[in-house]
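The chain contents come next:
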Amino acid sequence: MIRRPTTFSALVLTALSTTLLGGPATRDVPYPDGYRGWTHVKSMVIEPGHALATDFGGIHHIYANPPALRTLQTGKRTAFPDGSVLVFDLLAAASGDHAVTEGERKFIGVMHKDAKRYAETGGWGFAAFAGSTRDPVAIDAKACFACHEGARNSDYVFAEWRP
C-alpha cells in the first residue's frame, strides 16, 4: 500500500483554505459529539514556511467514528456506510524547549456520510466548526467535494488506516 500523506494533506488543506473564508453555509452536517473518544487515524504538523501555514499552520489530527474506522481497517475504502464520520482537528502548535505542543483549537472539519442527503457531493456532507465551540463556519461544500473528487476510488476519502 502506498501512503501519500503529503498529497492527502495538501488536498485537505487546499479545500479548506478555499472554503473557510466564506461561501454558502454548511448543509446541516451535525457536530461530531464525542469525536475525541473515536479512533485517532493520523497526525501531521504544518510548520512556518509551508505554503498554507498562515491559515493551517499547527497540529492536525484525523479521527474516525466506528463505521468509518471499520471501512478504513479493511483497506478497501470503496464504500463507506451511511453514518461514517471523519474529523480533521486543527490545533495551534507551540514550540519551545525542543518540543512542539498543542495550543488552542483553531477549528474542526467534518465529513459525514449520508448517500441520499448529500448525493450531489459524492454522498458526503462537509462542515467546519470554529475553535472549541459548536459554532459552524460558513463553507462551500461543493468546493470541499471538488478537492475530494481526486479520491473518487476511495469513496472520496484521503485518509488510510495504518495498522
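Further up the page is the structure itself.
Residues numbered from 1 in each chain as written. Predicted model: local features only at pLDDT ≥ 70, side-chain atom pairs only at ≥ 80, totals over all residues. Heavy atoms only, no water.

**Q** What exactly am I supposed to notice about the environment of Val85 here?
**A** Locating Val85 in the fold gives a position in strand S3 (residues 85–96). The exposure class of Val85 is buried, given its relative accessible area of 6%. For the pair Val85 and Asn65, spaced 20 residues apart in sequence, the C-alpha to C-alpha distance is 5.6 Å. Discounting residues that sit within four places of it in the chain, Val85 has contacts with Pro32, Trp38, Tyr63, Ala64, Asn65, Ala68, Val110, Met111 and His112. (Helix = DSSP H or I, 4+ residues; strand = E, 2+ residues; numbered from the N terminus. Buried < 20%, exposed > 50% of the residue type's maximum accessible area, 1.4 Å probe, protein only. Contact = heavy atoms within 4.5 Å.)

**Q** Teacher, can you tell me more about the sheet that holds strand S1 (residues 39–46) here?
**A** Where strands meet in a sheet, backbone hydrogen bonds hold them as pairs that are either parallel or antiparallel. Pairing is antiparallel in the open sheet, where six strands are placed in the order S1-S2-S3-S4-S5-S6. Strand pairing shows two members of the sheet lacking a second neighbour, S1 and strand S6 (136–137), which therefore form its edges. With 11 bridges connecting them, S3 and strand S4 (residues 99–113) associate as antiparallel partners. Directly across from Leu86, in S4, lies its bridge partner Met111. Relative to the sheet, helix H3 (residues 66–74) contacts S1, strand S2 (58–64) and S3, its axis offset from that of S2 by approximately 90 degrees. (Pairing = 2+ DSSP bridges. Axes fitted to C-alpha atoms, helices over the stretch in contact; angles between N-to-C directions.)

**Q** Could you clarify how one ought to interpret the nonpolar core in this entry?
**A** In globular proteins that are soluble, nonpolar side chains generally tend to be buried together. Ala64, Leu72, Leu86, Trp124, Phe126 and Val157 are the most contacted members of the largest nonpolar core, which totals 26 residues. Secondary structure elements with two or more residues in this core: S2, H3, S3, S4, strand S5 (124–130) and helix H4 (141–148). For Ala64, the residues in contact, after removing those within four places along its chain, are Trp38, Thr39, Val41, Leu69, Leu72, Val85 and Leu86. If you look at the next biggest cluster of nonpolar residues, it comprises 11 residues, including Trp38, Tyr63, Val110 and Tyr118. (Core = buried A, V, L, I, M, F, W, Y, C linked by side-chain atoms within 4.5 Å.)

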